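Chain by chain, the residues run as shown.
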Amino acid sequence: MANNEENFEQFEEDEAAETTLALCSAGRKRLFSKELRCMMYGFGDDQNPYTESVDIIEDLVIEFITEMTHRAMEIGKTGRVSVEDIVYLVRKDPRKYARVKDLLTMNEELKRARKAFDEIKFAGLNQVEEEKAE
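A brief report on the enclosed structure follows. (Residues numbered from 1 in each chain as written. Predicted model: local features only at pLDDT ≥ 70, side-chain atom pairs only at ≥ 80, totals over all residues. Heavy atoms only, no water.)

1. Quick word on the nonpolar core
Phase 1: Counting residues in each nonpolar core, the largest one holds six residues, listed as M68, A72, V87, L89, V90 and V100.
Phase 2: For this core, the elements supplying multiple residues, two or more each, are α3 (51-75) and α4 (83-90).
Phase 3: Tallying contributions element by element places α4 first for this core, with three residues.
Phase 4: With sequence-adjacent residues up to four places away left out, M68 is seen in contact with L89 and V90. (Core = buried A, V, L, I, M, F, W, Y, C linked by side-chain atoms within 4.5 Å. Buried < 20%, exposed > 50% of the residue type's maximum accessible area, 1.4 Å probe, protein only. Helix = DSSP H or I, 4+ residues; strand = E, 2+ residues; numbered from the N terminus. Contact = heavy atoms within 4.5 Å.)

Here you go:
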C-alpha cells in the first residue's frame, strides 16, 4: 500500500515538472539563447544549432537554476541564498564542487586585480593633479 502511495506521489511530481516545463517554454522570452548557442558550438555542435535544441537546453538550465535556488532557500537563512548554501548543495558532486571552487577562486583573483588596477589608476591621477598644481 505504501509503495503505491509513493509511486502516485512520484507520478504527481513528474506531472507537475512536465507541466511547469511546458509552461516555461510556451510563451517566454529566451534569456540564454545566444550564450547557449556559443557553448553548444564550443562543445562540438553545429555553429548554428537547431532552435529547438537550444530551447530545450535553456528549459533544462532554467529548471536547474530554479530547483537549486529553491533548495538553497530552504537550507539557509529564510528568503536568502548565499554562496555557502550553493557550496553545501553541490558538496557531494565532485565535478560541480570543483567548478564552484574554481569560479570562487577566480572571482577573488579578479577582485584583487581590479583593486590593484584602481589603486594604480588613482595614484596616477593624484600625480597628474599634483603636477598641474605646481
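2. A few points about the packing of α3 against α4
Phase 1: Here α3 crosses α4 at 110°, and the two axes come no closer than 9 Å. Comparing the axis directions of α3 and α4 gives the class roughly perpendicular. Each of M68, R71, A72 and I75 in α3 lies in contact with α4, whose residues at this interface are D85, I86, Y88, L89 and V90.
Phase 2: Per-class residue counts for the contact of α3 with α4 are seven nonpolar, no polar and two charged. (Axes fitted to C-alpha atoms, helices over the stretch in contact; angles between N-to-C directions. Parallel < 35°, antiparallel > 145°, perpendicular 65-115°, else oblique. Nonpolar A, V, L, I, M, F, W, Y, C, P; charged D, E, K, R; others polar.)

3. Overview of helix α2 (residues 33-42)
Phase 1: Among all positions in α2, only S33, L36 and M40 are buried. Down the axis of α2, the smallest arc covering the buried residues is 65°, so these residues share one side. Away from the buried face of α2 by more than 90 degrees, exposed residues K34, C38 and G42 are located.
Phase 2: Among the structural elements, α3 are those in contact with the buried residues of α2.
Phase 3: In the stretch just after α2, G44 is the one whose phi turns positive, near 110°. (Arc of directions from axis to C-beta.)

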